[in-house]
Amino acid sequence: MGTKLLDTDVTSYHASSMMNYATSIANRPLIGDLIEAPVIGIVKMALYVDLKPYGTGVIYGREFINARDVIKKINVGDIITAKVVEIETPEDGYVGLSLKEARQALVWAEAENLIKNKTVLELTVKDANKGGIIMEWQSISGFLPASQLKPEHYPRVNDGDKDRIMVELKKLIGQKISVSMISANPKEGKLIFSEKSSVQKERVEMVEKYHVGDILDGEVTGAVDFGIFVKLEDGLEGLVHISEIDWSLVENPKKLFNVGDKIKVKVIEIKDGKVSLSIKA
């Protein structure tokens, strides 16, 4: 009777051990995984974490040096997030980890969430080139093409002169503007921003108040070779195309209007959050 109980217990113990071992193998961290684990030791050039039931993880060598400033603030018992970079280290079979790569992975994951949720960010313009402006998010350099600027920041330059466009864009350096992230490429380390998308919802709500046929008071905010821009209210401009300025041929809108001129316009089209206006109508 006693022997049978012992046999049953042993069988049960082995079955449980095999199940735990199988679960451990199945769930063992893989390269690229992010793990959270408590720190169990910090020595001169290595930091150890407890990866039960798999064993011990280590940040050492170059990975330790790269994260040295962060490790200085870590104590035994702290829970850290790290990225698996080696299944087994050559010297002792530990799981090799990286703090720097974990931070990068978390940052890019956050970027994807910002894109998904269309989150609006307040970022400072750091520099500009002929194609657009440059800004930073989480120490990553990002680009905002000139085509993605809202009307009040868009460089209104005749003939598309790229040098003059760059001069106008450089006037934005140091300014904080509201933008949304529209693309994130971790492999290339590139971010793309848009100022248009950050105000699109607000703009659509503004435009909904207007109807084709409305006669409105406006203020000229800019003149280019293809027409004039007219402010209808703060944050909303419409375009009077050169063909809608006068019944006679207009060759240069800049000779007819100055910034600040008060004029009456008629709404002739509303499409995709844009308002087209006419003076001659």
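Going by the structure above, here's the rest.
Summary of the structure given here. Being a predicted model, the structure only gives us computed values, none of them experimental. (Residues numbered from 1 in each chain as written. Predicted model: local features only at pLDDT ≥ 70, side-chain atom pairs only at ≥ 80, totals over all residues. Heavy atoms only, no water.)

## Notes on a nonpolar patch on the surface
Now for step 1: Taken together, the side chains of Leu 30, Ile 31 and Ile 87 present a nonpolar region at the surface, about 280 Å² in accessible area.
Now for step 2: Along the chain, Leu 30 falls in the loop between helix H1 (2–26) and strand E1 (34–43).
Now for step 3: Taking relative accessible area as the criterion, Leu 30 reaches 53% and is therefore assigned exposed. (Patch = residues over 30% accessible without salt bridge, like charges linked within 9 Å, V, L, I, M, F, W, Y side chains within 5 Å. Areas by Shrake-Rupley, 256 points an atom, 1.4 Å probe, with all protein chains shown as cover. Salt bridge = Lys/Arg side-chain N within 4 Å of Asp/Glu carboxyl O. Helix = DSSP H or I, 4+ residues; strand = E, 2+ residues; numbered from the N terminus. Buried < 20%, exposed > 50% of the residue type's maximum accessible area, 1.4 Å probe, protein only.)

## Some remarks on the sheet that holds strand E14 (residues 262–271)
Now for step 1: Spatially, E11-E12-E13-E15-E14 is the arrangement adopted by the five strands of the closed barrel, whose pairing is mixed. Looking at each pair of strands side by side, their axes are set apart by 50° on average, direction ignored.
Now for step 2: Pairing geometry for E14 and strand E15 (residues 274–278), over five bridges, is antiparallel. Following the sheet pairing, Lys 271 is matched in E15 by Lys 274. (Pairing = 2+ DSSP bridges. Axes fitted to C-alpha atoms, helices over the stretch in contact; angles between N-to-C directions.)

## Points about the packing of aromatic side chains
Now for step 1: A full pass over the atoms with the stated rule returns two aromatic pairs.
Now for step 2: Where Tyr 48 meets Tyr 94, the ring centres are 5.5 Å apart and the plane angle is 80°; that geometry is what we call edge-to-face. Of the two residues, Tyr 48 is situated in strand E2 (residues 46–50) and Tyr 94 in the loop between strand E4 (79–86) and strand E5 (95–98); the sequence distance between them amounts to 46 residues.
Now for step 3: Given a relative accessible area of 26%, Tyr 94 falls into the partly exposed group. (Phe/Tyr/Trp six-rings, centres within 6.5 Å; stacked < 30°, edge-to-face > 60°.)

## Thoughts on the environment of Ser 183
Now for step 1: Looking at where Ser 183 falls in the secondary structure, it is placed in strand E9 (residues 176–185).
Now for step 2: A residue is classified by how much of its surface remains accessible, and Ser 183, at 31% relative accessible area, is partly exposed.
Now for step 3: Measuring from C-alpha to C-alpha, the distance between Ser 183 and Leu 114 comes to 9.8 Å, with 69 residues separating the pair along the chain.

## Observations concerning helix H4 (residues 99–117)
Now for step 1: Helix length check: H4 (19 residues) gives 27 Å between terminal C-alpha atoms against 27 Å at 1.5 Å per residue, within 8%.
Now for step 2: For H4, the full list of buried residues reads Leu 99, Ala 102, Val 107, Trp 108, Ala 111 and Leu 114.
Now for step 3: Among the residues of H4, the N-terminal cap falls to Ser 98, whose side-chain oxygen and the backbone nitrogen of Glu 101 are separated by 3.0 Å.
Now for step 4: A positive phi of about 55° marks Lys 118, the residue just after H4. (Expected span 1.5 Å × (residues − 1). Polar contact = N/O pair within 3.5 Å; in protein donor to acceptor, adjacent residues only side chain to side chain.)

## Details of the nonpolar core
Now for step 1: In terms of nonpolar packing, the biggest core is built from 25 residues, with Ile 133, Trp 137, Met 181 and Phe 193 touching the most fellow members.
Now for step 2: Where this core is concerned, the elements lending two or more residues are H4, strand E6 (120–128), strand E7 (132–137), strand E8 (140–145), helix H5 (162–170), E9 and strand E10 (190–194).
Now for step 3: Among the nonpolar cores identified, the runner-up in size contains 20 residues, and Val 207, Tyr 210, Leu 216 and Ile 228 belong to it. (Core = buried A, V, L, I, M, F, W, Y, C linked by side-chain atoms within 4.5 Å.)

## Points about the pairing of strand E13 (residues 236–241)
Now for step 1: Bridging between strand E12 (residues 227–233) and E13 involves six bridges; their strand directions are antiparallel. Pairing of Ile 228 across the sheet is with Val 240, part of E13.
Now for step 2: Between E12 and E13, which pair antiparallel and follow one another directly, the connecting turn spans two residues, one of which, Gly 235, has a positive phi of 90°.

## Comments concerning the side chain of Ser 278
Now for step 1: One can find Ser 278 in strand E15.
Now for step 2: Not counting residues up to four positions away in its chain, the partners in contact with Ser 278 are Val 240, Glu 244, Val 265, Lys 266 and Ile 268. (Contact = heavy atoms within 4.5 Å.)

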